[in-house]
Each structure stands twice: as structure tokens, then as C-alpha cells.
Amino acid sequence: MEKTFSKHTVAKTHYVPYATDGAKENSGGSTAIMIMGAILATIFAASTAYSGMKAGLTVAAGIPGSIIGSGMVGVFAKKKGIFGKNLLQGMSSGGESIASGMIYVLPAIIIIGGKVNFFAGIAVGALAVLFAVGVASLVENYLLVEENGKLMYPESTAISEALDASEAGGDSLKHMGIGGIITLLTTQVFGWVNSVMTFVGNSSYRWKISTEVNPMLAGIGFVVGLDVSLTMFAGSILANFGITPLIAYFTQMAGGGAHVWNDTHMLMSQMNIDMVAGSYTKYIGAGMMLCGGIIGAIKLIPVIVTSIKKTLNARNDVGEEKNSLGVVSLLVAAIAIFIVGAFLAGNIVIAIIAGILSLVLALLFVIVSARLAGTIGCSNAPVSGMTIASLVVMTLVFALMGWTANAHNEILLLFGVFIVTAISVGGAYTQTQKVNYLVGGRRSEMMKYFMIAALIGVIVVVGTTVILAPQLAIKSANPPFGLPQANLIATLNTGILSGNLPWIMIIVGIIIAIVCWMLGLSIMTVALGFYLPISTTSIILVGALLKLLIEKLTKDKALRETRLSSGVSLSSGLIAGGSIIGLIGIILHVTGVLSNRVPAGFAGSNGMAVILLIIMAATIVIPLMQIKQPARKAQKQ
């Protein structure tokens, strides 16, 4: 009988993959798959790098990669089937993951007046890939297998649904179209209708709340459920209705001589609510992530130790593949980072200290990123927040050592490129391997294909940055590239080295994180809500509430399980459609094919966004409530 992924998204102790070992013997990789994967890796790395530097937006490539890859396999390598398509989505993610990390820091070198060396950038990026895959491989069995049913990996589920839909069709394909149409109408593409409802308080109690009608985010909310979504939204409430209004209240009292710490031309009393959040509240969130990352990684030390022991003893559980490539990659990267660092810095002391710091911080946050992929996916993982936390620590050490010259800052940022690339790759690799686990592919095969794609991505992203360097260096009111994350990091590093940084905000964030830990809350989940825009966390909560509505309206237990399982499939379609069209929209905008258009009149009002939200909610709830009896369980042939 027909077999789908939907039934596997319900928490289970034992998971039955898509295919048995016998079905895999003659399927999977080939020269044709490698060539097509290299092409996809190049396309996604280049487009993500360009769009990310232009608009500060990136879209995870796993879902669009699975759709495009399915079409390519259908034309050029049909016999490879779903396993070939699976490798292509992995290579798409591998190339894109480089851009989604590297563009946050690499352009910062240009912003501070430095120059990006092509070969140095490739060396640092390649070592980051080896290190991230090596670290993630030590804990992937625990995260993907032992935690199956606990860590939901929403985007991995969506990718596997897309692969499954390409094999057998299904409701998820219909909702890919719905998610794509809604995204198509908004400012992400044509800009015909407003998709963001916003309410602002302008009195002495200054606040702002907004919700973006985004089918991709709503789908993620349905998959992760109420607990994660509500905890995340609690962080947003604290930030937007507690901390930011409090800071804004006191900034209104500031005198004419009080300027914003990172903008001497702006008086504190003139800041609007968005400026307060960007210049101060965000740094509290960075402090929370710093503390949460450390605590989360400490908790995983036993897992890391166990994984290392198992690998060194060459003892594997039944059905668990050996991890020789992962261990070798980790060792090579850990040793080579000191050699490359000494060559770039010309100072062995700097190379040793910076190398140790970057390895420790990358280790911590790669593991955190791998876990976050299991809760909210990679598209909304706070890579920039974890990078900021890491660079705060490293820059402070540089300042204490007296390495405050601009040349030292360049070296520091290169080590920052290593960290941010490793963080991004760690999450993407784990998410990709989860798809591979759901499909039933070989873990070692996916690791090789992913690493090759990521190394291709390094070459493409560094090359793109070098080519665009003259434009990236332009500073004006309307620069050709906005570089929001890179500008923030350049400001952060320069501020620490010069002694001009709101340290109180970082410390407050650490204290809030400790309080969350004492209360038994997930620090990183709260910090996510604190750091991400409330427009993002609120629509994720909406998706979770729709899931709760289905649960409450369905009294029969078997029928409830069927509807929820089908809901994950439908949500996966929304995620797939929204992300694919969103990615295309970003590329069309930043390349000038489409101009930015702001809807006017009722089409641009909050009322329009409310109507869009109702339509989106109806497309989720109505089809699920029309299911009248439990679906027959799929069986193996």
C-alpha cells in the first residue's frame, strides 16, 4: 500500500523509515546526482548571499531544493527515485547554509575598512564546514533517533512531506499552492495586499505589536505545537511590553546631551520604539542567548562524551553507521584552525588564544543550533544572535589583551566567520540528516554529499563577497547593499574594542536567562521570542492555536490523531509553498525584476491583513475538520 511520512510525525519510540535496506541497495548517489547537486548548491549559495546582503533576508533551501530536485531527478535520473531527490535537497541546504551564516560577518571586514582575501576566506569557511559536520555527527544519533518524537524538526518534516508528495501526490501539494498564493499576494512578491497588522502605543507607555500573515510561519507553529510557541511568544511579550517600554520611558527623560550609544547623531529622547528595540533590547536578547547557549551545551556534555567514547571504541548499535568521516573532519579542523590562524595573524599567541576561543564557542553553538533545528527549524534560528554572543566574548578577550587595532579586528572577524559558518552549517546539517532519517537513506552518504555542497558554497559565497566588495563598502543614506547584520556586528566589535558598548544590556540578558533556568523554562526558546520580531512569534503562535482548536473540536481520540497527523502534512505544504515563493520573491526584488510596492487604501490596511489571516486559518481548519474517520494505516508491502 501507499506509504506517507505524515503518520510518522506523531511521537513514537520506534520509527519505520520510508524504505528498507533492500530498497536502498541500488538507489541514491551517482555522478548525475552529484552534478545536479553541485548546480543547486551553487544557485542557492549565490542567490542567498546576494539577497541576504541586499535585504537581510534568507530562506532555508531544503524545501525548495526538494521540489526543484524532484523535478531534476524526474527528468535526468528517474531511477534514483526518492533517494536521489533526498540527496539533492541535502546539497541544496549545504550550499545555502554557508550563505545564511557567512554573510553576517564576512562583509563586516569590508565595513571596518579591511579587505577580504579570497583564499583566506575559503580556508576559514572550509574548516568551519569540517568542524560543524564533525561536531554535529557526534550528537546526531541522540538528537535524531533517541529524541525522535520529542524534537519535532518541523522543516525536516516539511521537506520529507515534499519528497513524499513528489512520489505519491497528496494534500500537502495543494497547500503548497495555497501557501505560495498567499505569499505571492504580499509585499514579499507583488505587494498587492498588506500582510502585516500593526498596532502601536504612543503614550508614555510605548509599545508595539504586529503579526505577519505568513503561511510558512503558521505551518511551523502547527508542527511545533503550543508549548514551544507559547514559551517563545512569552519572550516576545517580555521584550515588547516589558523591557522595551521601560527603556523607552526613561529615554524620553534624557536630556539634550544624551545620545544613542551607537549613533552619536541621534538623541536618546528622539528614538522611536523600533530604535529602542534595535539599539538596546536586542542586546539583552544576545545576553540571554549567550547564557542559554552555555547552559544548554553543558547539559549535553554527557552526550558528547558518550558519542566520543562510542566512536573511539568503534562500537556501534545495531543499524547505526560508523562515523569515521565525522571524527576525522573534526580533528582536521581543530588542528588546522591554529595553523591557518597563525598564518593570517602573523602572531602565534593570537592564533592560539583566538583558536581556542573560536573552537569552544563554535562547539557550544553548533550543538545549540542542531537542537534548535529540532524545535523551530533553520529558517528562524537566531544565527546572528548566537554569533553576536560569541563575538562579544572573543572581542572582550581581544580588548583585555590589548589587541585593539583595526588589523586585530580583521583577524577577530575572520575567526567570527569560522564561528558563524559553523553555527549555520551545524543546524542545516542536522536538519538534513533528519530528513535522511525519515526517508531511510544512508547517513554516511548524506554526510559526504552535504559536505561537498557546503564546500562549493564556501567558494561561491566568498567569491561573491570579493566581487561585490566595492559596492559593499559604500556608506550612504541609500547604499546598494543594506548589510543589516554585518553592520551590527561591525558596530559591536568596534564598540567593544573602543570601550563603547551597552554592557548593562548584555548583563541584564544573562540575569534574565539565569532566572528562566531557575524557573525551569527553556532559555533559548524564551530568548528566541525576545530576539525575534513579535510579528514572527505571534503568527507561529497562531499556527499552534489552530492545532489546539482542532484538538478541542475533535472528541474521538482516533479521529483526533488522524486529523493532527493530516494537519502536519497540510502545514508542511504551507511551509513549502510559502518558502519557495518567498525565496523567488526575494531574488526578483533584489535583482530589480520587481520593484518594492506598498499597497495603498484598504489593501494596505490592518483590515486587509485580518482578512488574509482568516483566509489562511480557514484553509487549515476546514480541510481538517472535513476528515470524518481515521485514515487507514499504511502497511509495508
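From a predicted model like this one, the values you see are computed outputs, not experimental measurements.

Quick notes on the rules
- Residues numbered from 1 in each chain as written.
- Predicted model: local features only at pLDDT ≥ 70, side-chain atom pairs only at ≥ 80, totals over all residues.
- Heavy atoms only, no water.
- Helix = DSSP H or I, 4+ residues; strand = E, 2+ residues; numbered from the N terminus.
- Expected span 1.5 Å × (residues − 1).
- Bend = angle between axes of the 7 residues up to and from the residue.
- Buried < 20%, exposed > 50% of the residue type's maximum accessible area, 1.4 Å probe, protein only.
- Phe/Tyr/Trp six-rings, centres within 6.5 Å; stacked < 30°, edge-to-face > 60°.
- Salt bridge = Lys/Arg side-chain N within 4 Å of Asp/Glu carboxyl O.

Peer 1: In this structure, what is going on with helix α24 (residues 606-625)? I would like to understand it.
Peer 2: Every α-helical turn comprises 3.6 residues, leaving residues that sit three or four positions apart pointing alike. Under the 1.5 Å per step criterion, the end-to-end length of α24 is 28 Å for 20 residues, consistent within 8% with the ideal 28 Å. The sharpest bend along α24 reaches about 25° and sits at A618. Looking only at α24, the buried set comprises M608, A609, L612, L613, M616, A617, T619, I620, V621 and L624.

Peer 1: Can you help me understand the packing of aromatic side chains in this one?
Peer 2: Aromatic ring pairs are defined here through the distance separating the ring centres and the angle between the ring planes. Within the structure shown, the criterion is met by seven aromatic pairs. Ring geometry for F190 versus W192: centroids 4.6 Å apart, planes at 10°, classification stacked. F190 gets classed as partly exposed once you look at its relative accessible area, which sits at 30%. Take W192: its relative accessible area is 44%, and that puts it in the partly exposed class. A centroid spacing of 5.6 Å and a plane angle of 25° characterise the contact between W207 and F241, whose relative ring orientation is stacked. Taken as a pair, W207 in strand β2 (residues 206-212) and F241 in helix α10 (residues 226-251) lie far apart in primary sequence, 34 residues in all.

Peer 1: Looking at this structure, how should I read the pattern of salt bridges?
Peer 2: Side chains that carry opposite charge are capable of pairing whenever their charged atoms lie near each other. Counted under the stated rule, the structure contains three salt bridges. For E140, the salt bridge goes to R443, with nearest N and O atoms at 3.3 Å. With E140 in helix α6 (residues 118-146) and R443 in helix α17 (residues 443-467), the pair connects residues that are 303 residues apart, well separated along the chain. The pair E140 / R443 is uniform in exposure class, with both members buried. In this structure, the salt-bridge partner of E445 is R442, at a minimum N-O distance of 3.9 Å. For E445, a relative accessible area of 18% puts it in the buried group.

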